[in-house]
Amino acid sequence: MPSRPVAAALAVLISIAGSRWISTQASASSEYQVKAAFLFHFAQFVDWPPEAFKDGVSPLTYCTVGEDPFHGALDASLNGKTIGGRPVRVLHYKEAREIQGCQVLFVGMADKKFVSATVASLNGSPVLTVGESSQFAQQGGMIGFLLEDNKVRFEINLDAAERGKLKISARLLALAKTVIGGPKGT
Amino acid sequence: MSTKRGVSVSDGGRASFAGTGVLLALLLSCEPAWPQAPQATQSSQTEPAPPEQPAPETSPSAQKDLTQVSIENLMDVEVTSASKKEQRLSQVAAAIFVITQEDIRSSGALNIPDLLRMVPGLDVAQINANTWAISSRGFNLQFANKLLVLVDGRAVYTPLFGGVNWDTLDIPLEDIERIEVIRGPGGTVWGANAVNGVINIITKRTSDTQGGLVVAGSGTQAQEFGTVQYGGKIKDRSSYRIFGKYRNENHFSDLNGQNGEDGWHLLHGGFRVDTKLSAKDSLTTEGDLFTGEEGSIIVHSVLATAQNINVERLASLSGGDAFARWDHTFSSRSDTTFQFYFDRYKRDGPESSEHRDTIDFDFQNHIVLGARQDLIWGAGYRHSSDQTSGTIDQAFFPTYVSGQFFSTFIQDQITLKRDRLDLYVGSKIENGYFTGFDYEPSARMAWTPSTLRTFWGAISRASRTPTQRDVGIDAALAALPGPAEVELLGNPKFKSEHVIAYEAGYRAQPTDRVSVDVTVFFNNYYNLESAESLPSFFDPNSVPPVLVHPKSYSNKLYGNTQGVEVSIKWKATSRWTLSPSYSFLEMHLHTQASSLDTTSVADAQGSNPGHQAQLHSLVDLSRNFTWETSAYFVGRLPAQFVASYTRLDSQLTWRPAEQVQLSLTGQNLLSDHHAEFNDQFQSVNSSQVKRSVYAKVTWRF
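Residues numbered from 1 in each chain as written. Chains lettered and ligands numbered in written order. Predicted model: local features only at pLDDT ≥ 70, side-chain atom pairs only at ≥ 80, totals over all residues.

### Let's talk about the overall build of chain B
The cut-off we apply is this: Here a strand is any run of E in DSSP of at least two residues, a helix any run of H or I of at least four, and the numbering for each starts at the N terminus. C-beta atoms are first placed from the backbone for all residues, and any pair lying within 7 Å is then listed as a contact.
For chain B, the helix and strand inventory stands at eight helices and 36 strands. When contacts within chain B are restricted to residue pairs at least 6 apart in sequence, long-range pairs at least 24 apart make up 66% of them.

Here it is in structure tokens:
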């Protein structure tokens, strides 16, 4: 029979369990701080077609879908920044079908079906899709992160970007580990 | 009270398997542990982390803004975290606590036992300047035998007693990547000894310790200490580090305020080399050597005059080990590890002289089966041989023991619902030196309704196998008028001790500034060790002839323990972090009807603090100054007449430049001296821990 402190702890446990949850997390691993910085830079090397934005001053919107592995690091890195004269904002979505108004979409680690369904649903839209699951770029995503010797690398699927009418600068292509499709690059 | 009893040892401590390190890495290591966890991944060498993690909404001013780094330079930034699997530590179905590099820096601890004080639910007590009693969830003793300690997968313990020689566990703290402490049985994967806990010390990869390091300091207790280390590369494929370390510690005072004669010094050198053999193979080799001397006062029983007198002893310590581990990756779904080590040490200690050689091989394979199963299995073999020569008060029979130990284990992680519900089932089967086959199954489940909270529960069985101490000790406990003596004798028929443990826990981040970890446990023990009185007899061969009142080990205790462990991390402001914790433990032990043991129940129950509480505060005073303070309350030990005490440590750290750090630390500030542990069976007399201060400089180049 549990003694009184044990019972008290159970009570604490149950009451905590009932409390409210906020979907940000104080922690951020450095891997995701680095990836957040990459995401910031990617937008500077990509030209969106005019129809990607509502107007000339509407914000550049970063979105995550599914589990957000940044745990606040993306918001912390990007909030208050401007890119190409546009203020940057960050939104987090649970489901792919809820996504709207994004210019950059980060698809976290999830099962293959979720990743390919999300990417397929955006095929041809002017949304820069960035992922970290294996074969992300091969599956139709535009930029796929890789880790190599603890360093962040990325692959670019130029065909997917062109379908979305996005122009990726040669400087970024030169840094990519592999470029799928092509060949006219800029 | 004289000598020793050593409560048994488990010798089996087998770390089972090779890769505990690897396993841990795979399964547990992960993301920071709770709640310390968030920091674990922050402290990489390439990116000096601030002593706190910035809350998202506050501007992380103390932190380098990586968006200002050019993309070309970002390509060269090394990141810490690794596989996806590792990121799920917060979802681990066990009571895990991780000590991060930041915790190590801010604790002010100069040795591993002091570092472990921060783990809620662990009882760390210092017996004298060079001897500690450390246990998890009760049963603490100098030779506490229900805890398994591993360094990079290598088991560290004395098979003679089953305890850990904490004095020679002397890793440079700057080289520790993290320490994972799991309270509760780790039997399935880690094996015997892991009855109440596992401490897994993981050192940094050599790629993270490139360049030079000089640590030097001096203080009132740690009189001189220092580390010199250099890390470099050998061609492109290998990197190494080599270090030398020295410490010279002052005496404590004994319980009467006199000199405890327990000062000591230790010189320690070692290396590690990491080699990338191919894209899929890596090799890690490590080695170290140490030598030192330590003092103590022991009680010697003089039969002729029926006196028990204090005697000073000086023990010489030396040893070393060589370790190699080969990791091979077949694919992202399968990898395997083979590990070997040789360990030799020699302790001419107060409890007897012991020379020991141990050879250990471990193999482990990890394979992902389909979409839902993640299987780890392995096998290990260990051969250990020792030669002991007894002191006048204590000996082991036979004096030469050589034994082997086999173990196998399997654990399957079954994903019932992706990222939400995981079931872990497995068992270990082993065959020890003094026992037949033993099995240690467990079932664990983790439910993660959102990334911010996890509930877990576990039921497991674990064993503490008999050791040389249980079966072969012969010790004079006390001389009585007559002449007569109380003598402790090993029992060749001593069996394994067992526990069935029920645990449940909860981890959450209710707001972005607060994280909480709560664990409750109920452990049911049987076949616990008792000390039974045997019929007295007259020994005419003794000099002088003596009437012997023998006691011998048996398995006639049983009972249960229950407790709660709570830890919280609260980021009160962007510059101030508070971490309170509390643990409660209650032990209800009983003797079997046939038992004649009238003391062990009260001894065991009264030798563990019922309540422990801590508060850690970390303040960033400015960009270059931090101030860390820790208070530890430890409840009284009624069986040992040790009063409750509160330990207060405080440290001011100044970083005048990126590479240089100066710190001034005060330890045990609240009282001039206090006793922490005084078990009647310990091999050395207790001393009192003194108030102390030290200054330290750390320079990296």
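### So, the overall build of chain A
What counts, and what does not: Residue burial here comes from a neighbour count, namely the number of other C-beta atoms, placed from the backbone, that lie within 10 Å of the residue's own C-beta, with 20 or more meaning buried, 12 or fewer meaning exposed, and in between meaning partly exposed.
Helix and strand counts for chain A stand at six helices and 10 strands. Sorting the 186 residues of chain A into buried and exposed places 44% on the buried side. Within chain A, contacts between residues separated by at least 24 positions form 59% of all contacts whose residues are at least 6 apart in sequence.

### Remarks on the confidence of the model for chain A
Just so we agree on the cut-off: The score called pLDDT rates the predictor's confidence residue by residue, from a low of 0 to a high of 100.
The predicted model of chain A has a mean per-residue pLDDT of 79, with 80% of residues at 70 or higher. In the predicted structure, residues 12–29 of chain A sits below a pLDDT of 50 and forms 47 contacts with residues beyond four places in sequence or in another chain.

### Observations concerning unusual backbone geometry
Residue and element names in this part refer to chain B. Here the bond from Phe-397 into Pro-398 is cis, since omega is -5°, no more than 30 degrees from zero. Considering the arrangement of structural elements, one finds Pro-398 in the loop between strand E18 (394–396) and strand E19 (400–417). Cis rather than trans, the peptide bond between Gly-482 and Pro-483 has omega equal to -5°. Despite not being glycine, Arg-137 shows a phi value in the positive range, around 55°.

### Some thoughts on the pairing of strand E8 (residues 151–157) of chain A
Residue and element names in this part refer to chain A. For the record, the criterion: In this analysis, strands are considered paired if DSSP registers two or more bridges between them.
Direction of pairing for strand E7 (residues 143–148) relative to E8: antiparallel, over a ladder of six bridges. Within the sheet, the bridge partner assigned to Leu-146 lies in E8 and is Arg-153. Of the pairings in the sheet, the one linking E8 to strand E10 (residues 178–180) comprises three bridges and is parallel in character. Bridged to Ile-156 within E10 is Val-179.

### Some thoughts on the sheet that holds strand E1 (residues 95–100) of chain B
Residues and elements named next belong to chain B. Strand order in this open sheet of five strands is E1-E6-E7-E4-E5, and the pairing throughout is mixed. The open sheet has two edge strands with one neighbour each: E1 and strand E5 (154–155). Alignment of strand E4 (residues 147–151) against strand E7 (residues 197–203), held across five bridges, turns out to be parallel. Counterpart to Leu-148 in the pairing with E7 is Val-198.

### Structural notes on the nonpolar core
The nonpolar side chains of a soluble globular protein tend to be buried with one another. Keep this limit in mind: Remark: nonpolar core denotes a set of buried Ala, Val, Leu, Ile, Met, Phe, Trp, Tyr and Cys residues whose joining runs through C-beta atoms within 7 Å.
Formed by 89 residues in total, the largest nonpolar core has its most connected members in Leu-115, Ala-133, Ile-134, Val-149, Ile-179 and Ile-201 of chain B. Among the elements that take part in this core, strand E26 (residues 514–533) of chain B stands out by supplying six residues, more than any other. By size, the runner-up hydrophobic cluster in this structure holds 50 residues, among which are Ala-76, Val-104, Val-115 and Ala-161 of chain A.

### A short note on the sheet that holds strand E34 (residues 673–675) of chain B
With antiparallel pairing, three strands are arranged side by side in an open sheet as E11-E35-E34 (chain B). Because the sheet does not close on itself, it has two edges, and the strands there are strand E11 (253–254) and E34 of chain B.

### Some details on helix H4 (residues 112–121) of chain A
Residue and element names in this part refer to chain A. How we decide: Picture the helix axis, draw a direction to every C-beta atom, and the arc is the one those directions span.
By the burial criterion, the buried members of H4 are Val-115, Thr-118 and Val-119. Down the axis of H4, the smallest arc covering the buried residues is 95°, so these residues share one side. Turned more than 90 degrees from where H4 packs its buried face, Lys-113, Ala-120 and Ser-121 sit exposed. In this fold, the buried residues of H4 make contact with strand E2 (60–65), strand E5 (104–107) and strand E6 (128–131).

### A look at the environment of Asn-624 of chain B
Residue and element names in this part refer to chain B. Among the secondary structure elements, Asn-624 is positioned in the loop between strand E30 (611–620) and strand E31 (625–634). In this structure Asn-624 comes out as exposed when scored by C-beta crowding, with 12 C-beta atoms within 10 Å. Through-space distance from the C-alpha of Asn-624 to that of Trp-654 is 5.5 Å; in sequence the pair is 30 residues apart. Other than its neighbours up to four places away in sequence, Asn-624 contacts Trp-654, Arg-655 and Pro-656.

### Quick look at the environment of Gly-260 of chain B
Residue and element names in this part refer to chain B. Here Gly-260 is to be found in the loop between E11 and strand E12 (264–278). Note on Gly-260: 26 C-beta atoms within 10 Å, which makes it buried. Each C-alpha atom of the pair Gly-260 and Ile-297 lies 7.0 Å from the other, and the pair is 37 residues apart in sequence. Discounting chain neighbours no more than four positions away, the residues touching Gly-260 are Asn-128, Ala-129, His-251, Phe-252, Ser-253, Asp-254, Ile-297 and Ser-687.

### Some remarks on the pairing of strand E10 (residues 238–249) of chain B
All names here are of chain B. Because side chains alternate across E10, one face comprises the buried residues Ser-239, Arg-241, Phe-243, Lys-245, Arg-247 and Glu-249, and the other comprises Ser-238, Tyr-240, Ile-242, Gly-244, Tyr-246 and Asn-248, none of which is buried. Bridge analysis of strand E9 (residues 222–234) against E10 gives 12 bridges, and the strand direction is antiparallel. The partner of Val-228 across the bridge, within E10, is Gly-244. Where E9 folds back onto E10 in an antiparallel hairpin, the turn is made up of three residues, including Lys-235, whose phi is positive at roughly 50°. Examined bridge by bridge, E10 and E12 share 12 bridges and lie antiparallel to one another. Within E12, the position partnered with Asn-248 by the bridge is His-265.

### Regarding the environment of Val-273 of chain B
Residue and element names in this part refer to chain B. The residue Val-273 is located in strand E12 in this model. Val-273 gets classed as partly exposed once you count the C-beta atoms within 10 Å, which come to 17. Linking Val-273 and Leu-557, residues 284 residues apart in sequence, is a C-alpha distance of 47 Å. When near neighbours in sequence (up to four residues on either side) are disregarded, Val-273 contacts Thr-206, Ser-238, Tyr-240 and Thr-285.

### Let's talk about the confidence of the model for chain B
All names here are of chain B. On average, residues of chain B carry a pLDDT of 84, and 87% of them reach 70 or more. The weakest mean pLDDT in chain B belongs to helix H2 (residues 37–40) at 30; the strongest belongs to helix H5 (residues 112–116) at 97. Counting interchain partners and residues more than four positions distant, the pLDDT-below-50 stretch residues 1–63 has 260 contacts. Contacts from residues 80–87, a stretch scored under 50 in pLDDT, to residues over four places away or in other chains number 18 contacts. The ipTM value of the predicted complex is 0.75, and its pTM value is 0.74.

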